[in-house]
Amino acid sequence: MDEKKKKKAQLPFRTNIIFFIVFLLFSLLIFQLGIVQILNGEAFQVEIDRTIQDTTKVPVPRGKIYDSNRNLIVDNKPIYSITYTPAKGVQAEERLEVAEKLSAFISMDSENELKKVSDLDKREYLYLIDLRKNEGKSEEEKEETFADRLSKEETKDLTNAEEYKLILEKITDEEISESNFSKQELEVIRIKKELDKAYSLTPQIVKNENVTAEEYALVSENLAELPGINATTDWEREYPYDSTFRVLLGNITTHKTGIPADSVDYFMTRGYSRNDRVGLSGLEKQYEEVLRGRKEQIEYTTTKSGVVIDSETIVKGEKGKDLILTIDMEFQQEVDKIIREELEHAIKTDPYNNRFLTDALAVAMNPKTGEVLSVSGQSYDKKDNSFMDSAHKTLYDAYMPGSSIKGATVLAGLQSGVISPGQSFLDKPIKIKGTPWKQSLSKTIGYANDIKALKESSNVYMFYIALRMGGETRNPFPNNSPASINTAAWQEIRNYFRQFGLGAHTGIDYPYESLGVEGKAEAKPGLLMDYAIGQYDTYTVMQLAQYVSTIANDGYRVKPHFVKEIREPIASLTEIGPLYKSSSTEYMNRIEMSSSNIARVQEGFRQAFQEQRGTAYSYFGGKDYNPAGKTGTAQSFYWDNAEEKLYETINRSMVGYAPMDNPEIAFAVIVPYIGINAKEDGNVANRISERILDAYFAIQDESEEDKEETADE
């Protein structure tokens, strides 16, 4: 009885202890909540209300390009554009919904567009549609999804991305094939593919090709239903002169290709986005930094969940700067026409012997300033029986020019001291033991000094210069005698040639130019003799133009350039903006010799063009613009892949300038792989050269007349 009473007494005591402990715990909890609310409440509220500022950069139109007379040659054509700018944290399911809605307003059902839908795109679409079937269902009602095909063992050590990839792999080819995607579904997939490329708060072009006015209007009217979508205007490059000079202007990437994969780091560190359009080749690439403009920078204010609550333009965008080129498009078009007509005439006159003749190239520049006046190349396509612009070959391709480089050989001889001004040699064939006979094309030259050697193109005179630079000084050379040269002569004579730009970079403002090919420097006198007449190393037409410009400019070698001025952009369709930068004449070097020696070469060039027995007299004799220059013929070889046979051909070249006493224009022309027995084989380069100078001075005269008429008015 007593024991029962004791137990009843202990029970309330223990219960009280428990209640007391619970009371203490609740008291501590309430105390902690008080501390949080009273002491830290403001800080936590700030965290709840905290927003994030993100800055995005919006591209601007590129700068325009004009010719030297301010004629527009590259413009920006405005076009309709549909863009997508996703908020932060947008998921694939949401992008699919936007794509489905957008497909009701725009069409992307062209055969070319639908071909871009890959099996991976289809798998992703099926996966997202598969997720929808269980939305709003209880656990008991849910159906098996593609994700359920993965076992726990398979997903144990996988990241989310790896797991997603594995899920897509579980979707079989048969399931894709059995889905029988409709045209509408393929359009949705194609649109979503473009939406997937977008970065948060950065506009991505969904469609800007062939956007109709109706599509533009429909999207504009339904923007409220299309989160992130906008109907705006974009631009694409337009070329008023069509293909003229087009290949040298270059190309830009599209918004789909974006920045080149091999240059991502370079562009990203300079503020570019991955889908930006950039210069891919030509002058578009060379002047990317000035043509690109300054992007507009917009600061977005978002909540922690990514909802945009405000935006502000913090840096105003500015379109790219404009380029004024040195090219005269009227002259450029005329030179293109001349080359195309003469090339076509040569091929049609003797199609069999000229079956390897496909190209004719020319460069014209101001020898005093380096301004490039025209760069032209025409190529014949036998399959299509058509001609195309190939002006880039003046910089990319190199050929043996023949005698047109003899001015550099004579000056190398004078500068090195192996010959003296006015020194003569008897022009007769030379036979070195173990080598073929070497002689001039003309057999009636006789004794020739340096000037006559240039006028009548004496190979033998150049041979003696080469031999003497190699250490062989016998004159006349005893035929059938052995001879040897010091191989150091190769480096010496090439160094002289490089002073003219032959075998060296011209420095032109272009992304690429070839140096040409140097033949092996062997201790064989015959090879050095070939070099001296332009039949060993190869040079580009641009190098030849710089070489003759250096002679025309009294030994001053200037850097050729395409861009004359860079102008600030202004909002005008008819006016040019203020000057930002101009290209001044840049001297690369001066030939280290007396002006009298250069004058002798200039006189030899004048006589070659203007006096009887001069190699170009029949084309330039009697011209009132006082021309000077040099012709060239080089033995060349063409490998025919079809016949697997090497054919002997001829390269014809010409360099020159005018007027001789105050040169305005210097030029170089080369026509490679002319047939050995072709009719009029020597006339192609000569006729092109004559017509180029005639056209230039005719345009100049016409321009002067226009100025006089304007002044009179």
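Here the structure is shown first, and the text comes after it.
Small disclaimer: the values here were computed from a predicted structure and weren't measured.

A.B. asks: For this particular structure, what's the right way to read helix α22 (residues 541-552)?
C.D. replies: Owing to its 3.6 residues per turn, the α-helix aligns residues three or four sequence positions apart on the same side. Its 12 residues place the ends of α22 16 Å apart at the C-alpha level, agreeing with the 16 Å of an ideal helix rising 1.5 Å per residue. For α22, the tally of buried residues reaches 12 of 12 residues, placing the bulk of the element in the interior. For α22, every residue scored as buried is listed here: Val 541, Met 542, Gln 543, Leu 544, Ala 545, Gln 546, Tyr 547, Val 548, Ser 549, Thr 550, Ile 551 and Ala 552. Asp 554, located one to two residues past α22, shows a positive phi value of around 60 degrees.

A.B. asks: Please explain empty space enclosed by the protein as it appears in this structure.
C.D. replies: Which parts of space are left empty comes out when a probe the size of a water molecule is rolled across the atoms. On inspection of all chains with the given rule, the structure shows 2 cavities of 30 Å³ or more. Looking at the largest cavity, its volume works out to about 50 Å³. Lining the largest cavity we find Asp 121, Glu 124, Tyr 125, Ile 189, Lys 192, Lys 193 and Asp 196. Of all the secondary-structure elements, those providing two or more residues to the lining of the largest cavity are α5 (119-132) and α9 (183-196).

A.B. asks: Help me understand the layout of surface pockets, please; the structure alone is not making it clear to me.
C.D. replies: In this structure, the largest pocket occupies an estimated 1100 Å³ of space. The wall of the largest pocket is formed by 46 residues, among which Pro 59, Pro 61, Thr 233, Asp 234 and Trp 235 lie closest to the centre. Of the residues contributing to the lining of the largest pocket, the split by class is 20 nonpolar, 13 polar and 13 charged. By volume, the second largest pocket is sized at about 900 Å³. Leu 441, Asn 459, Gln 535, Thr 633 and Gln 635 are, among the 35 residues lining the second largest pocket, the residues nearest its centre.

A.B. asks: When you look at the pairing of strand β8 (residues 322-325) in this model, what are you seeing that I'm missing?
C.D. replies: Two faces, one strand: in a regular strand the side chains alternate between the faces of the sheet. Side chains Asp 322 and Ile 324 project from β8 onto one buried face, and the interleaved Leu 323 and Leu 325 project onto a second face that is buried too. Inspection of the sheet shows strand β2 (residues 65-66) paired to β8 by 2 bridges, in the parallel sense. The partner of Ile 65 across the bridge, within β8, is Leu 323.

A.B. asks: When you look at helix α19 (residues 459-469) in this model, what are you seeing that I'm missing?
C.D. replies: Counting buried positions over the 11 residues of α19 gives 11, a clear majority of the element. Looking only at α19, the buried set comprises Asn 459, Val 460, Tyr 461, Met 462, Phe 463, Tyr 464, Ile 465, Ala 466, Leu 467, Arg 468 and Met 469. Where α19 begins, one side-chain oxygen reaches toward the backbone nitrogen of Val 460, 3.5 Å away; that side chain belongs to Ser 458. Looking one or two places after α19, you find Gly 471, whose phi comes out positive at around 100 degrees.

A.B. asks: Honestly, the pattern of salt bridges in this entry has me stumped. Any pointers?
C.D. replies: Note on pairing: side chains with opposite charge can pair once their charged atoms come close. Tallied over the entire structure, the rule returns 40 salt bridges. We note a salt bridge from Asp 322 to Lys 319, for which the minimum N-O separation is 3.2 Å. Judged by relative accessible area, which is 21%, Lys 319 ranks as partly exposed. The partner of Arg 613 in a salt bridge is Glu 456, with the nearest N and O atoms 2.9 Å apart. Of this pair, Arg 613 sits in the loop between α23 (595-610) and α24 (617-620) while Glu 456 is found in the loop between α18 (450-455) and α19, placing the two residues 157 residues apart along the sequence. Residue classification places Glu 456 among the buried residues on the basis of a relative accessible area of 8%. Three or more residues are tied together by salt bridges with common partners; here these are Arg 62, Arg 237, Glu 284 and Glu 288.

Here is what the cut-offs are and how they apply
- Residues numbered from 1 in each chain as written.
- Predicted model: local features only at pLDDT ≥ 70, side-chain atom pairs only at ≥ 80, totals over all residues.
- Heavy atoms only, no water.
- Helix = DSSP H or I, 4+ residues; strand = E, 2+ residues; numbered from the N terminus.
- Expected span 1.5 Å × (residues − 1).
- Buried < 20%, exposed > 50% of the residue type's maximum accessible area, 1.4 Å probe, protein only.
- 1 Å grid on protein atoms, 1.4 Å probe; cavity = no way out; pocket = protein on both sides within 12 Å on 5 of 7 lines; lining within 4 Å.
- Points joined across faces, edges and corners; volume = space filled by probe spheres on them.
- Nonpolar A, V, L, I, M, F, W, Y, C, P; charged D, E, K, R; others polar.
- Pairing = 2+ DSSP bridges.
- Polar contact = N/O pair within 3.5 Å; in protein donor to acceptor, adjacent residues only side chain to side chain.
- Salt bridge = Lys/Arg side-chain N within 4 Å of Asp/Glu carboxyl O.

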